[in-house]
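Descriptive structure summary
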Amino acid sequence: MRHAGFTWHDGALLAQGLGVSLGLFAGTFLIGLVLGSGAAVVRHFRVPALSPILHAGLELLRNSPVLVQLFLVFFGIPALIHQPLAPLSAAGLTLSANTAAFVYFIAVAGLDAVGRDQVEAARTFGFTRMQVVRHILAPQAAAFAVAPLVGLAVNQLQVTSLVSVIGVMDLTKAGDILNLRTLRPFAVWTMVGALYFAAAKTLTLLGNRWERRLRAHAAPLEL
Amino acid sequence: MIAVEGVVKRFGAQTVLDGVSLAVAPGEVVTILGSSGSGKSTLIRCINGLERLDGGRITVDGLDVADPRQLAQARRLSATVFQLFNLYPHMTVLRNVTLAPEVVLKRPRAEVEAEAQALLASVGLAGKADAYPAQLSGGQRQRVGICRALAMNPRYLLLDEVTSALDPEMTAEVLAILGRLAGRQMGDGGTTMLFVTHEVEFARRISTRIVFLDQGRLIVDLPTARFFADDGGLAHPRIRQFLSKMAPSNTVAGAEVTV
Ligand SMILES: Nc1ncnc2c1ncn2[C@@H]1O[C@H](COP(=O)(O)OP(=O)(O)OP(=O)(O)O)[C@@H](O)[C@H]1O
Ligand SMILES: [Mg+2]
């Protein structure tokens, strides 16, 4: 049995993989956040046709495995358009849409949790429905949504590891390569796991700080 | 002028407002009395466009509230103070007051904030500008609600039982402010008030006119003194009954009232 030791090059490989994972996560989470909240606003305004169609589509996405969605996009779309799809594009597309689905349901719950009475007050003061969303509903819905969104973010970060299956050079794929070369699975996967953990923990800490800021108004009396 | 003409409002099979007509001219302080469920809140909600009418017409300075465009204009003329305050909990007291003038009236922030600070000071809340609604007492919250409405420089102030969620002490502090406001505005073409209240004595003191809603019908519309006269409002059995329930000791049948 031939063991190869770890080299500087391995560190670079892991760092690169981590970069891809974080980049993919950040990009798709941001897109998902925008699309999901947008869809929630569409639902809030009960836009005819669009709103039920979006709801049904996002419901489908939320209730099917990401891996299946990934395969559907990576293998299914090229078969339809007769053109290959790069693994990273397929991964980006799938994770964005999947995140959007979860964000949508969180955002809808957040919007619904804001008291109707303030909305009525704002309407009588002449705010348009869009101004009500912007100044009254969105900030409070965001405060309700941060905790579940942070949970979602941590989960979606882990979910990015699935894209290694279709050949994206992410952190998990880097671990895979390293493992095959060094044949030291315990060390390699511990290291990979620790990197995911560090990233997730940082996310949680950032999220908590954000939540404290958004919930400043609900802070205990400081009189 | 707020003109309510033959307004009908139904919730399902229930007719809550049954042909209500009422005119509130500039400078007037009009109080709506009536027992619980008679449609007082619904009438206010029809005037500020929160309910869709099933019949009749409401105009505010000629603007028809049933038309979305005109309603948007009408809403700049009137402001509502709510029973449960309906403040924006995620905003400071100051922001609660300045938001609508800034966003709706598009007035410059510095100017609006200066005015808001003055308003808050005038109701004894100078030190609370940066507090959040959750950090205030009910009476303080309602005073913010009043400032928020006044910051719009409304021609018409609509008030729906603004003290009924408050204890007697807080009620007194809020009524004192409203009394001052009514006294200052009465007859000078300033803020005109349409009140819903169960504080009969207060209504008697500040109103120019009192109307009585009974099961969705406006059965009496009289100048305040006439409303409390034996051959005026008190000639109606429903009103006598209502007043005796509201304040049994001092409102029935022309008994002397200390104000
Ligand atoms: N959104 C609604 N849906 C169904 N019924 C309603 C609605 N709002 C009011 N009602 C009914 O309309 C009637 C009048 O209600 P409204 O709130 O106008 O009475 P009110 O005179 O303000 O009473 P109170 O003194 O208790 O505030 C009541 O019977 C009430 O149940
Ligand atoms: Mg009411």
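Keep in mind that what you see is a predicted model, and the values were worked out from it rather than measured. (Residues numbered from 1 in each chain as written. Chains lettered and ligands numbered in written order. Predicted model: local features only at pLDDT ≥ 70, side-chain atom pairs only at ≥ 80, totals over all residues. Heavy atoms only, no water.)

All names here are of chain B. The environment of ligand 1 is formed by 13 residues, the closest being Ser36, Gly37, Lys40, Ser41 and Thr42. The separation between an oxygen atom of ligand 1 and a polar main-chain atom of glycine 39 is 3.0 Å. Lysine 40 is positioned with one of its side-chain polar atoms (N or O) 2.8 Å from an oxygen atom of ligand 1. Protein chains bury 62% of the 630 Å² of accessible surface belonging to ligand 1 in isolation. Here the element with the most residues in the shell around ligand 1 is helix α1 (residues 40–47); it accounts for three residues. In terms of residue class, the shell around ligand 1 is made up of two nonpolar, nine polar and two charged. (Near = heavy atom within 4 Å. Polar contact = N/O pair within 3.5 Å; in protein donor to acceptor, adjacent residues only side chain to side chain. Areas by Shrake-Rupley, 256 points an atom, 1.4 Å probe, with all protein chains shown as cover. Helix = DSSP H or I, 4+ residues; strand = E, 2+ residues; numbered from the N terminus. Nonpolar A, V, L, I, M, F, W, Y, C, P; charged D, E, K, R; others polar.)

Unoccupied space between atoms shows up once a probe the size of one water molecule is rolled over them. All names here are of chain B. Considered as a void within the structure, the largest pocket measures approximately 800 Å³ in volume. Ranked by residue count, the leading element in the lining of the largest pocket is helix α2 (residues 68–74), at five residues. Of the residues assigned to the lining of the largest pocket, the class counts are 14 nonpolar, six polar and 11 charged. Of the residues that make up the lining of the largest pocket, three or more belong to each of domain 1 (1–77 + 158–259) and domain 2 (87–153). (1 Å grid on protein atoms, 1.4 Å probe; cavity = no way out; pocket = protein on both sides within 12 Å on 5 of 7 lines; lining within 4 Å. Points joined across faces, edges and corners; volume = space filled by probe spheres on them. Domains from an automatic or database assignment.)

This structure, assessed with the given rule, holds seven aromatic pairs over all chains. Between the aromatic rings of A:Phe71 and A:Phe75, the centroid separation amounts to 5.7 Å while the plane-to-plane angle is 50°, which identifies the pairing as tilted. Residue A:Phe71 and its partner A:Phe75 are located together in helix α3 (residues 66–81), separated by four residues, close to a single helical turn. Aromatic pair A:Phe74 and A:Phe75: ring centres 4.9 Å apart, planes at 65°, arrangement edge-to-face. Clustering of aromatic rings is evident, with ring pairs tying together A:Phe71, A:Phe74 and A:Phe75. The aromatic ring of A:Phe105 is capped on one face by A:Arg62, whose charged end is 3.8 Å from the ring centroid. Residue placement shows B:Arg204 over the ring face of B:Phe228; its charged tip is 4.3 Å from the ring centre. (Phe/Tyr/Trp six-rings, centres within 6.5 Å; stacked < 30°, edge-to-face > 60°. Lys NZ or Arg CZ within 6 Å of the ring centre and 35° of its normal.)

Time to look at the UniProt feature "transmembrane region" (unreviewed entry) in chain A. Residues and elements named next belong to chain A. Feature annotation in UniProt places "transmembrane region" (unreviewed entry) on residues 20–42, 63–81, 93–115, 136–154 and 186–206, given in this structure's numbering. Helix makes up 91% of residues 93–115 and strand 0%, and the two end C-alpha atoms of the span are 35 Å apart. Span residues 136–154 is 100% helix and 0% strand, its end C-alpha atoms 28 Å apart. (UniProt positions renumbered as here; feature names shortened; annotations may be inferred.)

If you trace the four strands from one edge of the open sheet to the other, you get β2-β1-β4-β5 (chain B), paired in antiparallel fashion. Pairing within the sheet leaves two strands with one partner each, and these edge strands are β2 (14–24) and β5 (63–64) of chain B. (Pairing = 2+ DSSP bridges.)

Here the focus is the domain arrangement of chain B. Residue and element names in this part refer to chain B. As far as domains go, chain B holds domain 1 (1–77 + 158–259) and domain 2 (87–153). Placing the centre of domain 1 and that of domain 2 at their C-alpha centroids yields a distance of 25 Å. Every contact between the two is made by 10 residues of domain 1 and, on the other side, 13 residues of domain 2. Contact with domain 2 buries surface across domain 1, with Arg76, Glu173 and Ile177 losing the most and accounting together for 43% of the total. (Contact = heavy atoms within 4.5 Å. Buried area = accessible area lost by both parts, 1.4 Å probe.)

Moving on, we get to the side chain of B:Thr192. By the secondary structure assignment, B:Thr192 is in strand β8 (residues 192–196). Of note is the side chain of B:Thr192, whose polar atom sits 2.8 Å from the backbone nitrogen of B:Gly27.

With that settled, consider the interface of chain A and chain B. With 22 residues of chain A in contact, the opposing surface of chain B contributes 26 residues. The junction of chain A with chain B conceals about 2,100 Å² of combined surface from both sides, 63% of it contributed by carbon and sulfur atoms. On the chain A side of the interface with chain B, the three residues burying the most area are A:Thr124, A:Phe125 and A:His217, jointly 35% of the side's total. Inspection of the region where chain A meets chain B yields one salt bridge. Applying the counting criterion to the chain A and chain B interface returns five residue pairs in polar contact (both at pLDDT 80 or more). Of all the secondary-structure elements, those providing two or more residues to the side of chain A that touches chain B are α5 (116–124) and α6 (129–159) of chain A. (Salt bridge = Lys/Arg side-chain N within 4 Å of Asp/Glu carboxyl O.)

Bringing the UniProt feature "domain: ABC transmembrane type-1" (unreviewed entry) in chain A into the picture now. In this numbering, the UniProt entry assigns the feature "domain: ABC transmembrane type-1" (unreviewed entry) to residues 18–207 of chain A. Along residues 18–207 of chain A one finds 83% helix and 0% strand; the C-alpha atoms at either end are 20 Å apart.

All names here are of chain A. With their axes 8 Å apart at the nearest point, helix α4 (residues 87–113) and α6 run at an angle of 150° to one another. The angle between α4 and α6 places the two elements in the roughly antiparallel class. Read as a crossing pair, α4 and α6 show a hand that is right-handed. For the pair formed by α4 and α6, the contact residues are Leu95, Asn98, Thr99, Phe102, Val103, Ile106, Gly110, Leu111 and Ala113 on the first element and Leu137, Ala141, Phe144, Ala145, Pro148, Leu149, Leu152, Gln156 and Val159 on the second. Among the residues forming the contact of α4 with α6, the class breakdown is 14 nonpolar, four polar and no charged. (Axes fitted to C-alpha atoms, helices over the stretch in contact; angles between N-to-C directions. Parallel < 35°, antiparallel > 145°, perpendicular 65-115°, else oblique. Left-handed = near helix turned anticlockwise from the far one by under 90°.)

Let us look at unusual backbone geometry. Peptide bonds are mostly trans, and most non-glycine residues show a negative phi. The residue A:Ala49 is not glycine, and still its phi comes out positive at about 65°. On the secondary structure map, A:Ala49 appears in the loop between α1 (8–44) and α2 (50–62). Phi at B:Gln215 takes a positive value of approximately 45°, unusual for a residue other than glycine. Relative to the helices and strands, B:Gln215 resides in the loop between β9 (209–214) and β10 (217–223). Classification of B:Gln215 by relative accessible area gives exposed; the value is 60%. (Buried < 20%, exposed > 50% of the residue type's maximum accessible area, 1.4 Å probe, protein only.)

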